[in-house]
Amino acid sequence: MKKNLMTVIILALVLVNLVLTAILAFTIIPQTRKSNQLIDKIASAIDLELEDGSSKDTAAVPVEDIEVYDIESSFTVNLSPSGDGKDHVAVFSIGLSLNTKSDGYKSIGTEGLKAKETLIKNDINTIVSGYTMEQFREDEQSVKDAILEDLQEMFGSDFIVGVSFSSVNTQ
């Protein structure tokens, strides 16, 4: 009788163990997958940032190979509303750093930039107007990066290696 009672108890414990294992599997595995996806996204973002930082940095281009193209007229751009009920404006001038050794520079050059200056100005106005005054003041580099990325996409080349602001005023 003792052997049968022990067998029943062991069988019951095995079944309880099986049920608890199934419950754990169905509750933990989805969370683990979500965590793995988050880790993958973070890792890919870090890799992209490292690649972008090294390829678009003007320091990677020797100074003697950089030509600065100044857009003659200054920009006056209405900034996005910042919640204080006031309209804000940014007034600035822009210079583009060009890699003279790039194939894109050889095919487009400063003449191509002059011919497309209206499109360039429009894109710059569109990008800058998407920022609030606080964003523009606090993170000017992200505005420059957004303009640089857009111009490189517009020309389909990376001969534009930098964007610089001069005489920046916000109100």
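Cut-offs used in this document
Residues numbered from 1 in each chain as written. Predicted model: local features only at pLDDT ≥ 70, side-chain atom pairs only at ≥ 80, totals over all residues. Heavy atoms only, no water. Phe/Tyr/Trp six-rings, centres within 6.5 Å; stacked < 30°, edge-to-face > 60°. Buried < 20%, exposed > 50% of the residue type's maximum accessible area, 1.4 Å probe, protein only. Salt bridge = Lys/Arg side-chain N within 4 Å of Asp/Glu carboxyl O. Helix = DSSP H or I, 4+ residues; strand = E, 2+ residues; numbered from the N terminus. Patch = residues over 30% accessible without salt bridge, like charges linked within 9 Å, V, L, I, M, F, W, Y side chains within 5 Å. Areas by Shrake-Rupley, 256 points an atom, 1.4 Å probe, with all protein chains shown as cover. Contact = heavy atoms within 4.5 Å. pLDDT = per-residue confidence, 0-100. Expected span 1.5 Å × (residues − 1). Arc of directions from axis to C-beta.

A. Looking closely at the packing of aromatic side chains. By the definition in use, this model includes five aromatic pairs. For the ring pair Phe155 and Phe159, a centre distance of 5.8 Å and an interplane angle of 70° mean the geometry is edge-to-face. Each member of the pair, Phe155 together with Phe159, is buried. Grouping aromatic residues by their ring pairs yields a cluster made of Phe75, Phe92, Phe136 and Phe165.

B. Structural context of the pattern of salt bridges. Evaluation of the coordinates by the stated rule reveals two salt bridges. A salt bridge links Lys144 to Glu140, with the nearest nitrogen and oxygen atoms 4.0 Å apart. A residue pair is termed a helical-turn pair when its members lie 3 or 4 positions apart in one helix, as Lys144 and Glu140 do in helix 6 (residues 140-155) at four residues. Given a relative accessible area of 26%, Glu140 falls into the partly exposed group.

C. Here's a closer look at a nonpolar patch on the surface. A cluster of nonpolar residues, Leu5, Met6, Ile9, Ile10, Leu13 and Val14, forms a patch on the protein surface that exposes about 600 Å² of accessible area. Summarising the element assignment, Leu13 is placed in helix 1 (residues 2-55). Overall, the relative accessible area of 56% leaves Leu13 in the exposed class.

D. Here's a closer look at the environment of Tyr105. Position of Tyr105 among the secondary structure elements: in helix 2 (residues 103-107). Assessed through its relative accessible area of 16%, Tyr105 is described here as buried. With 52 residues separating them in the primary sequence, Tyr105 and Ser157 have C-alpha atoms 8.4 Å apart. Beyond its immediate sequence surroundings of up to four residues, Tyr105 is in contact with Glu67, Leu98, Asn99, Thr100, Thr110 and Phe159.

E. Expanded view of the confidence of the model for the protein. On average, residues of the protein carry a pLDDT of 81, and 92% of them reach 70 or more. Counting interchain partners and residues more than four positions distant, the pLDDT-below-50 stretch residues 50-57 has five contacts.

F. Helix 4 (residues 117-128), seen in detail. The end-to-end C-alpha distance of helix 4 is 16 Å, a good match for the 16 Å that 12 residues give at a rise of 1.5 Å each. All buried positions along helix 4 are accounted for by Glu117, Ile120, Ile124, Ile127 and Val128. Take helix 4 and look down its axis: the buried residues cluster within an arc of 90°, on one side only.

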